Amino acid sequence: MGAAFFIVLERDIDGVDTFIDGKALSRSIDALDQAAREQGVRPLSEFFSIDAEEAAAFLEGEGADMDDIELPELQQFSADDGLTTVSALLTHPVGQSEGVQEDLLECQRLLILAAEQKIDWHFEIDY
């Protein structure tokens, strides 16, 4: 099946579908992060976070002993910061490859809307 990256906004935007496929981003994350570093922008993988309660529930479901694990707080990022990275990646050959470009354009669409409404965001991973 594989992993897929998706955007989580800190609050909903009425009438906006936040679905992105995200599978191409997942498959290409190492190359995308390298391209971001080459262009002097924050790598996509640095925009990942998860709610500590959700992470704990997942880990407990996998049999982890949560007594020994301290989970970080959820981090939210500005949409403008995400747009800087996504826009830079769209100009790089890695960001123009099949599937990746479509995912990045969907990210750009959502982050533009989020920036207009000053809504923060983060990436999560679906397995």
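Residues numbered from 1 in each chain as written. Predicted model: local features only at pLDDT ≥ 70, side-chain atom pairs only at ≥ 80, totals over all residues. Heavy atoms only, no water.

Just give me the short version of the side chain of T85, but keep the residues and values in it.
By secondary structure assignment, the location of T85 is in helix α4 (residues 79-90). Looking at T85, its side chain comes within polar contact range of the main-chain oxygen of R42, at 2.7 Å. When near neighbours in sequence (up to four residues on either side) are disregarded, T85 contacts V41, R42, L44 and F47. (Helix = DSSP H or I, 4+ residues; strand = E, 2+ residues; numbered from the N terminus. Polar contact = N/O pair within 3.5 Å; in protein donor to acceptor, adjacent residues only side chain to side chain. Contact = heavy atoms within 4.5 Å.)

Can you lay out the layout of surface pockets for me, pointing to particular residues and giving the numbers?
A volume near 250 Å³ is recorded for the largest pocket. Taken together, F48, S49, I50, A55, F58, F123, E124, I125 and Y127 form the lining of the largest pocket. Breaking the lining of the largest pocket down by element, the ones donating at least two residues are α3 (52-61) and β2 (121-126). By residue number, the principal contributor to the lining of the largest pocket is β2, which donates three residues. In terms of residue class, the lining of the largest pocket is built from seven nonpolar, one polar and one charged. (1 Å grid on protein atoms, 1.4 Å probe; cavity = no way out; pocket = protein on both sides within 12 Å on 5 of 7 lines; lining within 4 Å. Points joined across faces, edges and corners; volume = space filled by probe spheres on them. Nonpolar A, V, L, I, M, F, W, Y, C, P; charged D, E, K, R; others polar.)

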